[in-house]
There are 2 protein chains.
Amino acid sequence: MISSRWRIPVLPVLLFSVVARGADVSEYAVIRTDRSDGRYVSTRGVVQEMLRGEKPSLAFRPDFTHEAFVNWQDSVRRKLREVLAFPPDERRPSPKLLSREPRNGYSIEKWEFYPNRFAAVPFLMLVPDGVSPANPAPAVLCIPGTDRSKENLAGEPELHEAFARPHFEEKNHMALEYVRAGMIAVAVDNPGMAETSDLDRITGQRYQCSGDVNTFAHNLLNLGWSYMGYAAHQDNELLKWIRTLPFVNPRKIATSGHSLGAWIAGYLAVLNPDVAAAVMNQNIYDWREAARVRTKPDAKGCRPRIYGVFFFIPGLYRYFDHPDIQAAIAPRPALYCEGLPERDLTGIYQPAYSVAGAPENLTVVPFDKYREPESRFSGSVPEGLSDDEYWKANSNDGPQHYFKAAVAVPWLKQVLQGIH
Amino acid sequence: MISSRWRIPVLPVLLFSVVARGADVSEYAVIRTDRSDGRYVSTRGVVQEMLRGEKPSLAFRPDFTHEAFVNWQDSVRRKLREVLAFPPDERRPSPKLLSREPRNGYSIEKWEFYPNRFAAVPFLMLVPDGVSPANPAPAVLCIPGTDRSKENLAGEPELHEAFARPHFEEKNHMALEYVRAGMIAVAVDNPGMAETSDLDRITGQRYQCSGDVNTFAHNLLNLGWSYMGYAAHQDNELLKWIRTLPFVNPRKIATSGHSLGAWIAGYLAVLNPDVAAAVMNQNIYDWREAARVRTKPDAKGCRPRIYGVFFFIPGLYRYFDHPDIQAAIAPRPALYCEGLPERDLTGIYQPAYSVAGAPENLTVVPFDKYREPESRFSGSVPEGLSDDEYWKANSNDGPQHYFKAAVAVPWLKQVLQGIH
């Protein structure tokens, strides 16, 4: 049956072995169709065309007037809250102090708060000595990388050895570094990680082994929410409480995040116009672009895989992508301590800060490897890249991915000192 | 730091090894909190409480009057279309015939159709000899299990050996069996599978190896769609076309699905009131219930994992679950060839068919293993089950999961003959 154009010859050996012996799959790096009508039989090809399609409806436009920018910023704020699917506000118990202990130059408090009906979320607050309602201090909400703990941020012992991440452990003392610089630092776990994990402390296995975070992230999606939405909502509730503290200077509240936490730190700055500054210790990239260009098959013929299920944000690509979201922080001071893709910097971030009237408030510090401008890829990024090629095109140096305290802490201290 | 109630002792050996040596993790089978306020520190616990929470807003209610049932059915139809995120209707090219070949007693046609802007989706149509506009026949849309091909349904050679699934290959000739019984049978691949796969025919690897379906399913979510929504939309477009064929009796159109395809066959029957009958060769279960009760850790301390990413339907749990969706097929004839959970049968399906006025139109044929009523679990299912325990509570016999032609084909033939 079926005309020959549809019949693919069945080779007498598994084609896999041909590929493994070195057949060239590079011709498939860019997803193309050979049909004259441009359509795809491969569903992957169909989705690729969707990714190539029209820009998100709320993409930043370099030709914005100041008024158009301000209106756009407001739309991004509202739509971001919508795709993160924040539940309606409701009355909840006040956060509760669990313990307080002195440290050298500051005290560390353990609290818990109640961001939704069922959760009790522990967090740490590091308060510099001498801070009081009469002598308020700036405050910074610190959000860790994916599965690093709040204890790691605070430079405290882990609550369980299963939560320890020895690689760059000392580099990631974000909250400790801020409190030493005179800021109140609040540190929280990402949902399902460290103290908020399920059986990790029983099994000694990391969440990656148990698949537990993926499982509840999947359930959240079916419930109409998402991991990122849950995390951002929780952290946003914490931010609301920080704002009420009499010893916090409400004009000097910042967000700071490493890795996964950096995306959330940016969301919170967009959602809350009173956040004075934000530190993103992450080479922020465009998720839709990454999905579109990371398509080069490896030696086995497998294209790069998508990232973890906890990164899903249903509907996000329709409206904007991460450079757009970040640009909506303007004109407030923002620091990117691990660089940015050059094309996004010149095409989105710099025009946004210009039209917002504060180009001096955008600070981008590349990885050492990309310190020289000529080492950074500029121009638009082609399709058909491997993971490594894509990171290179973004001036992203994965092996050096840790909190850049030496850059972030003096920057944030100075920025907040400049606010009156 | 931190009061002792928060400090978990760090053992001198990895706790994993304790678990591996046989420590008892069964006490964690049911997710509980020991807090007096009922809240959870574990995010998994929080999500568990959400799953335990109020019923979906459009859950079937056994106390429905006939009028309330009809209104509810209409709401389910509209909301199902919404969560499957069908795009707006648009004009598209007509399906195109690619080839036609005679077989013994029928002809097989290869077509392609264009369910969205970028796709050309091949399908097969098996037409009994003698069918014509003057002598129209019933038609059945056949949807395969996850990664089985339309060629498998039609009993034709696979287009590539990478698409072959030898286990139960002969049992799954769904379309071939229907055409032999005098029905027009239309068979289509699930998105990204078999002929619609990406590099499987190049690499010889199944999609599970390449992760390709997961990758584009993830992209679809970020685009505001889903794999299941994409699949259901595609198949719904095909159904629209079948309806227009002059040699099809439009009062005798059915849907029939195996495994993954069975869920979709049910969706199509709900969405299209003119679908006369539906065959679900799958023990349909309640996804939210499955998420809630499958929590027993294995010997390594890992709870059962969630199913593949292509099963996500954002928001579904909020409105209804699968027994509710299926019940909205009533009063039209529906066949469940691999049984149903007894609690759903007596609590939802039977009351739905009763209130709809056609209890005789519900046919449930259990797996042989559960043929005797006393072998089937009744009552509500407790939390804390393993996968095996959950399937048993559903009267589901996984190893015997194949298309039950001997049940389905005579049933559908008789049902459609009875329609005038």
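All values reported here derive from a predicted model rather than from experimental measurement.

Asks: Any chance you could explain the interface of chain A and chain B here in plain terms?
Replies: Note: interface size is frequently given as the accessible area lost on complex formation between the parts. Listed as interface residues are 99 residues of chain A and, on the opposing side, 98 residues of chain B. Between Arg35(B) and Glu112(A) there is a salt bridge whose closest N-O contact spans 2.6 Å. Counting across the chain A and chain B interface gives 32 residue pairs in polar contact (both at pLDDT 80 or more). At 9 residues, the largest contribution of residues to the side of chain A that touches chain B is made by helix α8 (residues 212–222) of chain A. Its residues assigned to classes, the side of chain A that touches chain B comprises 52 nonpolar, 24 polar and 23 charged.

Asks: Is there a simple way to explain the pairing of strand β6 (residues 248–258) of chain B in this structure?
Replies: Consecutive residues of a regular strand have side chains that alternate between opposite faces of the sheet. Residues and elements named next belong to chain B. Of all 11 residues making up β6, 9 are buried, and the element is well covered by its neighbours. Relative to strand β7 (residues 277–281), β6 runs parallel, the two being bridged by 5 bridges. Bridge pairing in β7 links Gly 257 to Met 280. Since β6 and β7 lie parallel, the crossover through helix α10 (residues 260–271) that links them has a hand, and here it is right-handed.

Asks: Which parts of the structure should I look at to understand the relation of the copies chain A and chain B?
Replies: Relating one copy of the chain to the other requires a rotation about an axis plus a shift along that axis. Rotating chain A by 180° and translating it 0.0 Å along the rotation axis places it on chain B, where the RMSD comes to 0.0 Å. Such values leave the two copies arranged in the relation of a two-fold axis. If distances are taken from each C-alpha of chain A to the rotation axis, the shortest is found for Pro314(A), at 3.7 Å.

Asks: Looking at this model, I keep getting lost on the nonpolar core. Mind explaining?
Replies: In summary, soluble globular proteins display a tendency toward joint burial of nonpolar side chains. Core analysis: the biggest nonpolar cluster contains 203 residues, and Met228(A), Tyr267(A), Trp287(A), Met228(B), Tyr267(B) and Trp287(B) have the highest contact counts within it. In this structure Trp287(B) touches Met228(B), Trp263(B), Tyr267(B), Phe311(B), Ile313(B), Leu316(B), Tyr317(B), Asp321(B) and His322(B), once residues within four positions along its chain are discounted.

Asks: Is there a simple way to explain the pattern of salt bridges in this structure?
Replies: A side chain with one charge can pair with a side chain of the opposite charge if their charged atoms come near. Residues and elements named next belong to chain A. Enumeration over the complete set of coordinates arrives at 60 salt bridges over all chains. A salt bridge links Glu 49 to Arg 52; its shortest N-O distance comes to 2.6 Å. Note that Glu 49 and Arg 52 are positioned in helix α2 (residues 43–52) at a spacing of 3 residues, about one turn of the helix. Look at the salt bridges and you will find they share partners, linking Asp 89, Glu 90, Arg 92, Glu 237 and Lys 240 into a network.

Asks: How should I be thinking about the packing of helix α3 (residues 66–83) of chain A against helix α10 (residues 260–271) of chain A in this particular structure?
Replies: In a packed pair of helices, the relevant descriptors are the angle between the two axes and the axis-to-axis distance. All names here are of chain A. Between α3 and α10, the least distance of the axes is 9 Å, while the angle of their chain directions is 125°. In this view, α3 runs oblique relative to α10, as classed from their interaxial angle. Note on packing geometry: the crossing formed by α3 with α10 is left-handed. Mapping the contact onto sequence places Val 76, Arg 77, Leu 80 and Arg 81 in α3 and Tyr 267, Val 270 and Leu 271 in α10. Residue composition of the contact of α3 with α10, by class: 5 nonpolar, no polar and 2 charged.

Asks: I'm lost on the state of the cysteines in this one. Help?
Replies: Here a disulfide denotes a covalent bond joining the sulfur atom of one cysteine to the sulfur atom of another. All names here are of chain A. Following the criterion strictly, the structure yields 0 disulfides over all chains and no others. In this structure Cys 142 is not part of a disulfide, and its nearest cysteine sulfur, from Cys 337, lies 12 Å away. Assessed through its relative accessible area of 0%, Cys 142 is described here as buried.

Asks: Would you take a moment to explain the sheet that holds strand β1 (residues 96–102) of chain B for this structure?
Replies: Sheet strands pair by backbone hydrogen bonding; their relative direction is either parallel or antiparallel. Residues and elements named next belong to chain B. On the basis of which strands lie adjacent, the open sheet formed by 9 strands has the order β1-β2-β3-β5-β4-β6-β7-β8-β9 and mixed pairing. Of all strands in the sheet, those bounded by a partner on one side alone are β1 and β9 (362–364). The mean inter-strand angle of the sheet, taken between neighbouring strand axes irrespective of direction, is 15°. Running over the sheet, helix α9 (residues 227–244) touches β2 (106–113), β3 (121–128), β4 (137–143), β5 (184–188) and β6 and is turned about 170° from β4.

Definitions and cut-offs
Residues numbered from 1 in each chain as written. Chains lettered and ligands numbered in written order. Predicted model: local features only at pLDDT ≥ 70, side-chain atom pairs only at ≥ 80, totals over all residues. Heavy atoms only, no water. Contact = heavy atoms within 4.5 Å. Salt bridge = Lys/Arg side-chain N within 4 Å of Asp/Glu carboxyl O. Polar contact = N/O pair within 3.5 Å; in protein donor to acceptor, adjacent residues only side chain to side chain. Helix = DSSP H or I, 4+ residues; strand = E, 2+ residues; numbered from the N terminus. Nonpolar A, V, L, I, M, F, W, Y, C, P; charged D, E, K, R; others polar. Buried < 20%, exposed > 50% of the residue type's maximum accessible area, 1.4 Å probe, protein only. Pairing = 2+ DSSP bridges. Right-handed = clockwise from strand over helix to strand, strands pointing away. Least-squares fit on C-alpha atoms with pLDDT ≥ 70 in both. Core = buried A, V, L, I, M, F, W, Y, C linked by side-chain atoms within 4.5 Å. Axes fitted to C-alpha atoms, helices over the stretch in contact; angles between N-to-C directions. Parallel < 35°, antiparallel > 145°, perpendicular 65-115°, else oblique. Left-handed = near helix turned anticlockwise from the far one by under 90°. Disulfide = S-S within 2.5 Å.

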